[in-house]
Amino acid sequence: MMKGVKNIVFTRTSPTAGRLGTAHGSVPTPTFMPVGTVGSVKSLTFDQVRSTGAGIVLGNTYHLHLRPGEAIVQAAGGLAEFGQWQGPMLTDSGGFQVFSLAKIRKITDAGVTFREPKSGDEIFISPEISMQIQFALGADIIMAFDDVVSLDGSEAGREAEALSRTHAWLERCVAEHRRLSKGMATPPALFGIVQGGLDQSLRRRSLEFVQSQPVAGIAIGGLSVGEPRADMFAMLEYLEPMYDAARPHYLMGVGHPLDLRYAFAHGIDMADCVLPTRNARHGQCWITGDETLNLKSERYKADFGPLDASCDCTTCTGGYSRAYLRHLYAAGEVLAGTLVSIHNLRYLQRIAEGFQA
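Computed from a predicted structure; not experimentally measured. (Residues numbered from 1 in each chain as written. Predicted model: local features only at pLDDT ≥ 70, side-chain atom pairs only at ≥ 80, totals over all residues. Heavy atoms only, no water.)

*Asks:* Looking at this structure, I do not really get the environment of Ala-309. What am I missing?
*Replies:* Tracing the sequence through the fold places Ala-309 in the loop between strand E16 (291-294) and helix H12 (314-317). Sequence-wise, Ala-309 and Gln-48 are 261 residues apart; in three dimensions their C-alpha atoms are separated by 20 Å. (Helix = DSSP H or I, 4+ residues; strand = E, 2+ residues; numbered from the N terminus.)

Now the structure itself:
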């Protein structure tokens, strides 16, 4: 472990398996981390989230800064206590919003200014402010602030500029993390983020730089942001032999079963995505063989079988039929999204568990 990092311990037990220990519990890896953007995983209680086998939940710095504000979360005892998760938590730095909110942000070397469309308010986040917010949120693992470039062609040619800025921001995050950690027994563990788009030379340079820094983990950012799946797979294969095996490797924002299987087989220990719960709210679920069902379809109106007979989630073992779930969607009942979210999250955890031996 890098000198000065005290809050996590990572032990690798096989090429694909390990254990990540934090002050709030340990988690076998690889693991899929449900996204709780504003302190909750949409439509689920944290008891339901735990039932899927999840060990770590994410919160988002940008959105929690907007509401309720990090001061409220800190006064409640931290994000895990605030939402009654009471287990390991990770916070994204707000860097993803540099990509996802591209229409309302302005990037400079100092940081990023966002203009909220509803209120018109300006929100400025710098590497230092991101660290300050995340410390106040009280997560076990916090992320460096980075500049994320879309790979759908809309930002072609910006990769090198964003890479240099991401590296400069990481150095500032490290310095602020060191300052804020003084006097803390267990400061949050800082992960650095590798960028570089689909350019192998930039990615290699970025990985080498991040791994030279006193960070507890290595995150791969800027993938699954518009590029073809084959290109993402090629980059993951390229990076795999260069990872520092002593630190966990986190693939950010990836959650399709096909992508997770490939990632976990190629050096990735942690992944997160909103896809399983978002898909569930729209009536889509995965079943054995990575087939996608559209439960809003008329074909399931009289299908009284379970979602997936081979699944051990509480939805599949609880007697809820495809016909009943289709009825809930047709009736506009939010319970449909809850029950299918449980299944989708469990489906991804079962994939992760297959690599934990």
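*Asks:* Could you clarify how one ought to interpret the environment of Val-254 in this entry?
*Replies:* With respect to the secondary-structure elements, Val-254 resides in the loop between strand E13 (249-251) and helix H10 (257-265). Taking the C-alpha atoms as reference points, Val-254 and Ala-271, separated by 17 residues in sequence, lie 6.2 Å from one another. If we skip the residues at most four places from it in the chain, Val-254 touches Phe-32, Ser-224, Met-232, Asp-259, Leu-260, Ala-271, Asp-272 and Cys-273. (Contact = heavy atoms within 4.5 Å.)

*Asks:* Sorry, what's going on with the side chain of Gln-134 here?
*Replies:* Locating Gln-134 in the fold gives a position in helix H6 (residues 127-137). Classification of Gln-134 by relative accessible area gives buried; the value is 0%. Those residues in contact with Gln-134 that lie beyond four places of it in its chain are Thr-61, Thr-91, Asp-92, Ser-93, Ala-139, Ile-142 and Met-143. (Buried < 20%, exposed > 50% of the residue type's maximum accessible area, 1.4 Å probe, protein only.)

*Asks:* Explain the packing of helix H13 (residues 322-331) against helix H14 (residues 335-353) here, please?
*Replies:* When two helices pack together, their arrangement is captured by the angle between the axes and the distance separating the axes. It is the contact of H13 with H14, at a shortest axis distance of 8 Å, that shows an interaxial angle of 135°. On the basis of the axis angle, H13 is oblique to H14. Contacts between H13 and H14 involve Tyr-324, Leu-325, Leu-328 and Tyr-329 on the former and, on the latter, Leu-335, Ala-336, Gly-337, Leu-339 and Val-340. Its residues assigned to classes, the contact of H13 with H14 comprises eight nonpolar, one polar and no charged. (Axes fitted to C-alpha atoms, helices over the stretch in contact; angles between N-to-C directions. Parallel < 35°, antiparallel > 145°, perpendicular 65-115°, else oblique. Nonpolar A, V, L, I, M, F, W, Y, C, P; charged D, E, K, R; others polar.)

*Asks:* Help me out: how do you make sense of the packing of aromatic side chains in this one?
*Replies:* Given two aromatic rings, their pairing is described by the distance between the two centres and the angle made by the two planes. A full pass over the atoms with the stated rule returns eight aromatic pairs. When the ring of Tyr-320 is compared with that of Tyr-324, the centres are 6.1 Å apart and the planes differ by 20°; the resulting orientation is stacked. Take Tyr-320: its relative accessible area is 29%, and that puts it in the partly exposed class. (Phe/Tyr/Trp six-rings, centres within 6.5 Å; stacked < 30°, edge-to-face > 60°.)

*Asks:* Just checking my understanding: could you explain the sheet that holds strand E10 (residues 141-143) for this structure?
*Replies:* Across a sheet, paired strands are connected by hydrogen bonds in the backbone, their directions being either parallel or antiparallel. Strands sit in the order E4-E14-E13-E12-E11-E10-E6-E5 across an open sheet of eight strands; the sheet is parallel. Of all the strands in the sheet, the pair left with one neighbour each is strand E4 (31-34) and strand E5 (57-60). Pairs of neighbouring strands in the sheet enclose a mean axial angle of 25°, with direction left out of account. Bridge count for strand E12 (residues 217-220) against E13 is three bridges, and the pairing is parallel. (Pairing = 2+ DSSP bridges.)

*Asks:* Would you take a moment to explain the pattern of salt bridges for this structure?
*Replies:* Where charged atoms from two side chains of opposite charge come close, those side chains can pair. The full count for this structure, using the stated rule, is 21 salt bridges. Across the salt bridge formed by Glu-122 and Arg-115, the nearest N and O atoms sit 2.6 Å from each other. Relative accessible area serves as the criterion here: at 54%, Glu-122 is assigned to the exposed category. Taking the shortest distance from any N to any O, the salt bridge between Arg-158 and Asp-147 comes out at 2.8 Å. With Arg-158 in the loop between E10 and helix H7 (159-181) and Asp-147 in the loop between E10 and H7, this residue pair connects regions lying 11 residues apart in the sequence. Looking at Arg-158, the relative accessible area reads 14%, which means it is buried. Salt bridges sharing partners connect three or more residues here, namely Arg-105, Asp-109, Asp-147, Glu-155, Arg-158, Glu-161 and Arg-165. (Salt bridge = Lys/Arg side-chain N within 4 Å of Asp/Glu carboxyl O.)

*Asks:* Please explain empty space enclosed by the protein as it appears in this structure.
*Replies:* A probe as big as a water molecule, rolled over the atoms, marks out the empty space that is left. One pass over the structure, following the stated rule, counts one cavity of 30 Å³ or more. Empty space within the largest cavity amounts to approximately 60 Å³. As for the largest cavity, its lining consists of Asp-147, Val-149, Leu-151, Glu-159, Ala-162, Leu-163, Gln-195, Gly-196, Gly-197 and Gly-222. The residue makeup of the lining of the largest cavity, split by class, is four nonpolar, four polar and two charged. (1 Å grid on protein atoms, 1.4 Å probe; cavity = no way out; pocket = protein on both sides within 12 Å on 5 of 7 lines; lining within 4 Å. Points joined across faces, edges and corners; volume = space filled by probe spheres on them.)

*Asks:* When you look at the sheet that holds strand E9 (residues 122-125) in this model, what are you seeing that I'm missing?
*Replies:* Spatial ordering of the open sheet is given by E7-E8-E9, a layout of three strands whose pairing is antiparallel. Only two strands of the sheet have a single neighbouring strand rather than two, namely strand E7 (105-107) and E9. Within the sheet, the average angular offset between the axes of one strand and its neighbour, ignoring direction, is 15°. The sheet contact formed by strand E8 (residues 112-115) and E9 spans four bridges and is antiparallel. The residue bridging Phe-114 from the neighbouring strand is Ile-123, located in E9.

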